Amino acid sequence: MPTVRIALLTIRLVMRTKLALFFTFIFPLVFLFVYAVLIARGKPEVVAYMFGPVVTLNIMGSSFWGLGRQSVTQREQGSLRRYRLAPIGPGTILLSNLLANYLLELPTISLLLFSAVVFFHMPMKIGWLTLLALVTVGTFAFAGFGLTISSVANTMQEAQIYNNLVWVTLLFLSGVTFPLPMLPRWVQRLAMFFPSTYLVSAFQGVMAQAEPVRNHWPEMLVLVTSGVFGLLFAMRLFRWEKEEKISTKAKLWSGVFALPFLVMGLWMNTRADPTAMWARSYSVVGQATTTSLNPETEKPNLIENFDGIQASEELLRRWQVSTDSDVSGHSMAEISLLTPGAEGRRHAMRLKGRLAPGPKDAQGYVSARCEVRVPANSKGLRGLEFEARGESRIYQVGLQPPKAASSPHPAINFVPGEDWQNVRVPIAWLTDLATYGLANGPWVLEISVTGPPGEFSLDLDEIRFY
Amino acid sequence: MYLLMATFEENSILVSVQNLHKHYGDLAALRGISFDILQGEIFGLLGPNGAGKTTTIEIIEGLRQPDGGSVSVCGLDPAQESMTLKQRIGAQLQSTVLPDKMRVDEALHLFASFYKRSASVHLLMEQFGLEEKRHTFFENLSGGQKQRLALALALVNDPELVLLDEPTVGLDPQLRREIYSLIEHFRAERRTVLLTTHYIEEAERLCDRVAIMDRGQLVALGTPRELIARSGQGARLEIRLAKPVGLDRLKLIEGVIDCHEADGAYFLHAQPAAVTIAALVRFLESQENALLEMHIAQPSLEDVFVEMTGRRMEH
């Protein structure tokens, strides 16, 4: 069968090119080690969380810089012309490129998996077939991207420009490089339009949370659809000769390729709580870091553990609760002292209430704030941590420096579990200590919740810097 | 199975091109050319760059669609039955490029696998002197070896018709002669060959019949001998004499069409040459002059081209 023969020969040719070998096998491993060592710090659960982005990055790379460039290179070098004389059509060439790309992907992913399990003890929460299905769908979808770009580009320079544009966008705005819950809300909204978001979140859901892959069927469907669209476009716009150029009008038609992502993005944005799933997966980062804490080497910088508080009235003097009622909303909240606290301690704080829709259907909003003092040795601070327990909602934690209460500062999402869990947030995600660390005056710690109407309840304990 | 002798019927038409037209935008690449290629013959399309040779061959291969006229190859319409036709023809491009790291034997095996009928790769490598280079990457082949591989690839399906587009362009004279021998071998195998060239000696040496093309038109068609005879240019005599003689007197010699002088030598265009030589000898005797040196050159296709188009071929 010509398709298989060309694909197998293409793989052989890749194996003979040192540069291609490096980018196919070594480069993805470099990424895995960078993510696992620098970001996950070798924590198995976090490595499982980061494995999805690493695999997605690899799939994207091979599609954009491998498959996408391959067709243009073949056309520019003139090697396609020889195939043109044989009794084979564009479909054979495209499918063989697709097949070679996929077959090269499998050993790479296997190598990544092997390294993650052997060197970082990554837990395998999913079966091989599920992983294979995700890799297959992802490779097919991004192959569609690569093929569309190579079809639309008239020259290699053009292909490089298109590749870079799409590559950089997907790399930084879809959870491949930075976990989405770390990113501003508008970026999270925007990310819902990107296929890499679907693949990363599906990987993280199944790898970190052991979710069944069927939970992600809409994303999978869109990915497969985009792969089919890409293949159809590539067949439609296929050119054997570099002299054959396509018109701008034909290029614009390729915009149809983005249609499935547009539909999916709109659908996800209209869902009640689209980011909860990402935040749930992300919570493993916080959970995992607790397990490896060494009490001997940690120097707790306690902000609040509620144990010295005798009554709720005293709690109310330290914590201030505000709701959207300040702006004509109807949400309600109260804080109370809870006994016992986390891990058998004396007390904890409970923030409880009900979110109600605000004017013009705005989402309800509740926050609890307290003033904190940043320790004198602020340069040694790595982050903020606390114990949390509650129902599965997205909460935010923020830390506002003195004299900057009115300016927006990032709030980091977290989703508490039914049992007490440790949540850790690096200080760099919350504020810029280099700028504000030496500022005098109290800082403001704010725990807030917003989202769809309904009851909520969040228990907090042992809030400290670490 | 490798067929050394292509089966054919003598004098049956394998390729028929009738009133072919092709435009690229405003440029008329072909302006109504017509010719037939008989089974078993080596047919040449001779002309300078831009004459329309490659366009013609690509239409015959089914790679381009004509704007007008009709083409029949092996009884098939290349535009409509391209895939069926490709099974029966073999083609070599002006420059064949394969992936750098593809080996010679891999290329031949791969392309042979695309066809229902294929030749023996081993025999092809032997025939084209590629046996020793079978494991060599394409990037490491010399120009001549690449061209031999391109010719071998054109034969992987043991084709009825072989189409060669400028098979020796860019090669040095020695490599060119090497390729000539291979193409002459096609004649021994009674294969039908259509080749395009802008080398006169190539067309004269290899082709049974030649069509001379210029600016998208066919200006002459026939065997090289016929074309030369038809041109009426006669032979060219280059003579050196003991004493100088006036050009006007030389022009009066029987059979001399034209003459000029350069570097002390006289160049006479004569028709027929034998009559002119006898008359020249008589004339020199009467003038008590002596013939020191004489070279006789027969007219070439180049002379025919010049006569037909008024221009020299640009190599």
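Residues numbered from 1 in each chain as written. Chains lettered and ligands numbered in written order. Predicted model: local features only at pLDDT ≥ 70, side-chain atom pairs only at ≥ 80, totals over all residues.

## Here we look at the overall build of chain B
For step 1, the next point in the chain: A count of helices and strands for chain B gives 11 helices and 13 strands.
For step 2, the next point in the chain: Counting across all 315 residues of chain B, residues that qualify as buried make up 40%.
For step 3, the next point in the chain: Partitioning the intrachain contacts of chain B with sequence separation of at least 6 by distance along the chain shows that 70% fall at a separation of at least 24. (Helix = DSSP H or I, 4+ residues; strand = E, 2+ residues; numbered from the N terminus. Buried ≥ 20, exposed ≤ 12 C-beta atoms within 10 Å, placed from the backbone. Contact = placed C-beta atoms within 7 Å.)

## A word on the sheet that holds strand E5 (residues 89–92) of chain B
Residue and element names in this part refer to chain B.
For step 1, the next point in the chain: The sheet built from six strands is open, its strands ordered E5-E6-E7-E3-E8-E9 with mixed pairing. Both outer strands of the open sheet, E5 and strand E9 (217–222), are each paired with one neighbouring strand and no more. Each strand axis lies, on average, 15° off the axis of its neighbour in the sheet, ignoring direction.
For step 2, the next point in the chain: Here strand E8 (residues 209–214) pairs with E9 via five bridges, running antiparallel. Looking at E9, one finds that Met213 is bridged to Leu218. (Pairing = 2+ DSSP bridges. Axes fitted to C-alpha atoms, helices over the stretch in contact; angles between N-to-C directions.)

## Some points on the interface of chain A and chain B
For step 1, the next point in the chain: With 16 residues of chain A at the interface, the matching set in chain B holds 20 residues.
For step 2, the next point in the chain: Among the elements of the structure, helix H1 (2–15) and helix H4 (79–84) of chain A are those that each provide at least two residues to the side of chain A that touches chain B.
For step 3, the next point in the chain: Here the side of chain A that touches chain B is built from residues that sort into seven nonpolar, four polar and five charged. (Nonpolar A, V, L, I, M, F, W, Y, C, P; charged D, E, K, R; others polar.)

## Focus on the pairing of strand E11 (residues 454–465) of chain A
Residues and elements named next belong to chain A.
For step 1, the next point in the chain: Of the strand pairs in this sheet, strand E1 (residues 301–304) and E11 are connected by three bridges, and their pairing is antiparallel. Paired with Leu302 across the strands is Arg464, a residue of E11.
For step 2, the next point in the chain: Here strand E4 (residues 348–355) runs beside E11; their pairing, made up of seven bridges, is antiparallel. Looking at the pairing, Gly353 lines up with Phe456 of E11.
For step 3, the next point in the chain: Inspection of the sheet shows strand E6 (residues 383–390) paired to E11 by six bridges, in the antiparallel sense. Bridged to Ala388 within E11 is Leu460.

## Description of the confidence of the model for chain B
For step 1, the next point in the chain: The share of residues in chain B with pLDDT of 70 or more is 94%, and the mean pLDDT across the chain is 86.
For step 2, the next point in the chain: This prediction of the complex comes with two scores: 0.69 for pTM and 0.78 for ipTM. (pLDDT = per-residue confidence, 0-100.)

## Comments concerning the nonpolar core
For step 1, the next point in the chain: Grouped together as the largest cluster of nonpolar side chains are 152 residues, with contacts concentrated most on Val47(A), Phe51(A), Ala107(B), Leu108(B), Ala152(B) and Leu194(B).
For step 2, the next point in the chain: Counting residues per element, this core draws most heavily on helix H3 (residues 44–77) of chain A, which supplies 14 residues.
For step 3, the next point in the chain: With sequence-adjacent residues up to four places away left out, Val47(A) is seen in contact with Ala36(A), Ala40(A), Ala116(A), Phe120(A) and Met122(A).
For step 4, the next point in the chain: In this structure, Leu315(A), Val366(A), Ala388(A) and Ile447(A) belong to the second largest nonpolar core, which totals 38 residues. (Core = buried A, V, L, I, M, F, W, Y, C linked by C-beta atoms within 7 Å.)

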